[in-house]
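Descriptive analysis of the structure
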Amino acid sequence: MFHVYTAHDKSEMSKNLIGEFKDYGEAMDCAEQAIEGKEGLRYIVEETNGCVDSYGELIHTVIAESD
């Protein structure tokens, strides 16, 4: 599962979930469209495989992010 977020800076507090996708291509299309023409906004794409940590939180791996 791929989660797409937008963020205004590198802070975790500014992340907004845009969508969840099973297909990487769809996730990247959504991410690029979400920031298109918006100055100062960046995207973050994270992948989860259903594994959780000792606190029961899903383990996320950042696989793509814009500059």
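Whatever comes next refers back to the structure up there.
First things first, this report covers the structure right here in the doc. (Residues numbered from 1 in each chain as written. Predicted model: local features only at pLDDT ≥ 70, side-chain atom pairs only at ≥ 80, totals over all residues. Heavy atoms only, no water.)

1. Some thoughts on the side chain of Ser14
- If you trace the backbone, Ser14 turns up in the loop between strand S1 (2-7) and strand S2 (16-21).
- A distance of 3.4 Å separates the side chain of Ser14 from the backbone nitrogen of His8, its partner in a polar contact.
- Those residues in contact with Ser14 that sit more than four places away from it in its chain are Thr6, Ala7, His8 and Asp9. (Helix = DSSP H or I, 4+ residues; strand = E, 2+ residues; numbered from the N terminus. Polar contact = N/O pair within 3.5 Å; in protein donor to acceptor, adjacent residues only side chain to side chain. Contact = heavy atoms within 4.5 Å.)

2. Considering the side chain of Lys15
- Within the fold, Lys15 resides in the loop between S1 and S2.
- Judged by relative accessible area, Lys15 falls into the buried class, the value being 18%.
- There is a polar contact of 2.9 Å between the side chain of Lys15 and the side chain of Glu46.
- Every residue in contact with Lys15, bar those within four places of it in the chain, is listed here: Tyr5, Thr6, Ala7, Ile44 and Glu46. (Buried < 20%, exposed > 50% of the residue type's maximum accessible area, 1.4 Å probe, protein only.)

3. Considering the pairing of strand S3 (residues 42-47)
- Among the six residues of S3, five are classified as buried, and the element is accordingly described as predominantly covered.
- By the bridge criterion, six bridges tie S1 to S3 in an arrangement that is antiparallel. Across the sheet, residue Ala7 finds its bridge partner in S3, namely Arg42.
- Examined bridge by bridge, S3 and strand S4 (residues 61-65) share four bridges and lie antiparallel to one another. (Pairing = 2+ DSSP bridges.)

4. Some details on a negative patch on the surface
- On the surface, a cluster of negative charge is made up of Asp23, Glu26, Asp29, Glu32 and Glu36.
- With respect to the helices and strands, Asp29 occurs in helix H1 (residues 24-35).
- In this structure Asp29 comes out as partly exposed when scored by relative accessible area, which is 46%. (Patch = residues over 30% accessible without salt bridge, like charges linked within 9 Å, V, L, I, M, F, W, Y side chains within 5 Å. Areas by Shrake-Rupley, 256 points an atom, 1.4 Å probe, with all protein chains shown as cover. Salt bridge = Lys/Arg side-chain N within 4 Å of Asp/Glu carboxyl O. Lys, Arg positive; Asp, Glu negative; His and termini not counted. Charge placed at Lys NZ, Arg CZ, Asp CG, Glu CD.)

5. Observations regarding the pattern of salt bridges
- A full pass over the atoms with the stated rule returns two salt bridges.
- One salt bridge connects Lys15 with Glu46, and the closest N-O pair in it is separated by 2.9 Å. Pair noted here: Lys15 is in the loop between S1 and S2 and Glu46 is in strand S3, with a separation of 31 residues, a long-range link.
- For Glu46, a relative accessible area of 7% translates into the label buried.

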